[in-house]
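Listed here are the chains, written in short residue letters.
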Amino acid sequence: MNVLVLGGGGREHTLCWKIKQSKDCENLYAAPGNAGTSICAKNLSIEVNDFKEIKKAVIKHRIQMVIVGPEDPLVNGIHDFFINDPELSSVGVIGPQKEAATLEGSKAYAKAFMMRHNIPTASYAEFTSETLAEGLAFLEQSNSPYVLKADGLAAGKGVLIIEDLITAKKELREMLLENKFGVASSKVVIEEFLAGIELSCFVLTDGTSHLTLPMAKDYKRIGEGDRGLNTGGMGAISPVPFVTEEFKEKIEKQIIKPTIEGLKKDKLHYKGFIFIGLIKVGSEPKVIEYNVRLGDPETEVVIPRIKNDFLTILQAVNEERLNEVNLEIDSSFAATVVAVSGGYPEAYEKGKIIKGLDQQGKNMIFHAGTKQEGDQIKTSGGRVMAITSFGKDHQNAVKKAYEVLSKINFEGINYRKDIGFDL
Ligand code: AMP
Ligand code: GLY
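Residues numbered from 1 in each chain as written. Chains lettered and ligands numbered in written order. Predicted model: local features only at pLDDT ≥ 70, side-chain atom pairs only at ≥ 80, totals over all residues. Heavy atoms only, no water.

**Q** So what's going on with the environment of D24? Which residues, and what values?
**A** Here D24 is to be found in the loop between helix 1 (10-20) and strand 2 (27-32). When residues no more than four places from it in sequence are discounted, the contact partners of D24 are M1, D309, L311, T312 and Q315. (Helix = DSSP H or I, 4+ residues; strand = E, 2+ residues; numbered from the N terminus. Contact = heavy atoms within 4.5 Å.)

Given below as structure tokens:
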């Protein structure tokens, strides 16, 4: 089978690395990919939202399955584009159709879905510029901290958690009246603040049945001790020690099952990954958000723990027989540590030569913002790579990842030295 992975981050390198190991994988392509995907796949210089060029490549390379990494093309309807084109309709697409992708594309839509299907989440209200006065009054009646969310996609920046009422009101005005996050904040969801510990839960569904993948926890802040600005993710671990069997059952019963049932009831066509951002409040799981894709860098610890032939699983999704698959999980502990460009998540420089990538061994070096230029590999993004290691416990896995990182260098390299510190 010829397969195309869309995207160019650490998540996509991990997917390519795993799919390349499949007995059924003939030719593997990544678009646009990075220097890492070019080791296991052929990179195509196509952007993920350029559906016309993707179509040409799919026909030219006789691609039979497309795995969509990031949310953007899904929210823009890439799956529907394939279904509605007679030349593409037989190609399997892993990722939900446009309407279902709105679960990530609109926070208000996702909240309404959760309410309709009794899925535990923070209480909320939604406002637009026309209802600004009500929004301000709502804030006055709410308690600090105030959680303000731009409704639409805002590159992970659209959520504000604010301590004082005056700032919260000012931000609400800026979001609704001054397009603080562009059209994404023409609607704002104001939510109850939930205090607890977060985790990432990935579910794969064919629309009828589902597999729950291993749980993971990511470390979003730039600084040690979970301080400083939010990033795309600085590291991750799997499994998650505080997820006991009992807690897992609660997640399955109270959240995953009603989510899959809800998709069916609402006739939302979903073949792909659901990333449920969860928070453990006391001993109860609640949903913070849905994403319609895998998380990054959680993928870098979740996928390597899956022992099955991954393409076989994805074929089962495509053919709606996921119920036939038995997931086999490696019981070892996995950790990934992300190396970023100096300055990230604020302004940073690109084009720095990366050294020390030629290490052998059992550790995995998943590329994110990297680019091959001649015989050199250079940085081309904020998050540059994720080093994944296995160990007998998290400390041991993290230690191995740091050993690999100690031999990698580029000007300005930065990474958190405390991944897993809180476990
Ligand atoms: P989201 O984009 O919805 O995942 O929000 C980004 C981050 O904001 C989450 O990962 C949480 O850390 C935090 N967050 C979002 N909603 C809430 C909430 N209701 N209570 C507390 N923290 C939240
Ligand atoms: N690591 C969080 C995300 O992928 O959104």
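**Q** With reference to specific residues and values, describe the site of ligand 1.
**A** Taken together, 14 residues lie around ligand 1, and E191, E192, L194, E198 and E289 are the ones closest in. The contact in question runs from a nitrogen atom of ligand 1 to an N or O atom on the backbone of L194, over 2.8 Å. Contact distances for ligand 1 include 3.2 Å between an oxygen atom and a side-chain N or O atom of K220. Relative to its free-state accessible area of 470 Å², ligand 1 is covered by the protein chains to the extent of 87%. Among the residues making up the shell around ligand 1, the classes are represented as seven nonpolar, no polar and seven charged. (Near = heavy atom within 4 Å. Polar contact = N/O pair within 3.5 Å; in protein donor to acceptor, adjacent residues only side chain to side chain. Areas by Shrake-Rupley, 256 points an atom, 1.4 Å probe, with all protein chains shown as cover. Nonpolar A, V, L, I, M, F, W, Y, C, P; charged D, E, K, R; others polar.)

**Q** Help me get a handle on the pattern of salt bridges, residues and values and all.
**A** Per the stated rule, a full pass over the model turns up 31 salt bridges. Across the pair K169 and E140 runs a salt bridge whose closest N-O atoms are separated by 2.4 Å. Placement of the pair is K169 in helix 9 (residues 165-177) and E140 in helix 8 (residues 132-141), with a sequence separation of 29 residues. A relative accessible area of 18% means that K169 is categorised as buried. Here E319 makes a salt bridge to R321, at a shortest N to O gap of 2.7 Å. For E319, a relative accessible area of 47% corresponds to the partly exposed category. A relative accessible area of 25% means that R321 is categorised as partly exposed. Connected via shared salt-bridge partners are K170, E171, E174 and K180. (Salt bridge = Lys/Arg side-chain N within 4 Å of Asp/Glu carboxyl O. Buried < 20%, exposed > 50% of the residue type's maximum accessible area, 1.4 Å probe, protein only.)

**Q** So what's going on with the side chain of E191? Residues and values would help.
**A** Assignment of secondary structure puts E191 in strand 10 (residues 187-191). On the accessibility criterion, E191 (9% relative accessible area) is buried. Sequence-distant contacts of E191, defined by excluding residues within four places in its chain, comprise K111, A122, S123, Y124, V147 and K149.

**Q** Please give an account of the nonpolar core that cites residues and values.
**A** Residues L4, I276 and M385 are the most contacted members of the largest nonpolar core, which totals 72 residues. Excluding anything up to four places from it in sequence, M385 contacts V337, V338, A339, I354, L357, I365, F366, H367, A368, I408 and F410. Listed in part, the 36 residues of the second largest apolar core include C16, I19, L213 and A334. (Core = buried A, V, L, I, M, F, W, Y, C linked by side-chain atoms within 4.5 Å.)

**Q** Before we move on, could you go through empty space enclosed by the protein and cite the residues and values that matter?
**A** Enumeration over the complete set of coordinates arrives at one cavity of 30 Å³ or more. Taken as a whole, the largest cavity spans an internal volume of roughly 80 Å³. Counting only elements with at least two residues in the lining of the largest cavity, the list comes to helix 6 (98-105), helix 7 (107-116) and strand 18 (284-291). (1 Å grid on protein atoms, 1.4 Å probe; cavity = no way out; pocket = protein on both sides within 12 Å on 5 of 7 lines; lining within 4 Å. Points joined across faces, edges and corners; volume = space filled by probe spheres on them.)

**Q** How would you sum up the site of ligand 2? Please name residues and give values.
**A** Close to ligand 2 lie D218, G232, F275, R293, G295, D296, P297 and E298, which account for all nearby residues. One of the side-chain nitrogen or oxygen atoms of R293 is found 3.0 Å away from an oxygen atom of ligand 2. E298 places a side-chain nitrogen or oxygen 2.8 Å from a nitrogen atom of ligand 2. Per-class residue counts for the shell around ligand 2 are two nonpolar, two polar and four charged.

**Q** Please set out the sheet that holds strand 17 (residues 272-281) residue by residue, giving values where relevant.
**A** Spatially, the four strands line up as an open sheet ordered 12-11-17-18, and their pairing is antiparallel. Of all the strands in the sheet, the pair left with one neighbour each is strand 12 (210-212) and strand 18. Across the sheet, the axes of successive neighbouring strands diverge by a mean angle of 30°, strand direction being ignored. Of the strands in this sheet, strand 11 (197-205), strand 12 and strand 17 touch helix 12 (residues 310-318), which is tilted by about 70° from strand 11. (Pairing = 2+ DSSP bridges. Axes fitted to C-alpha atoms, helices over the stretch in contact; angles between N-to-C directions.)

**Q** Which residues make up the layout of surface pockets, and what values do they have?
**A** Each pocket or cavity is described by its volume, and for the second largest pocket that value is around 340 Å³. As for the second largest pocket, its lining consists of 15 residues, and the residues nearest its centre are H13, I39, N363, M364 and I365. Where the lining of the second largest pocket is concerned, the elements lending two or more residues are helix 1, helix 2 (37-40) and strand 20 (364-367). Looking at the lining of the second largest pocket, its residues break down into nine nonpolar, six polar and no charged.

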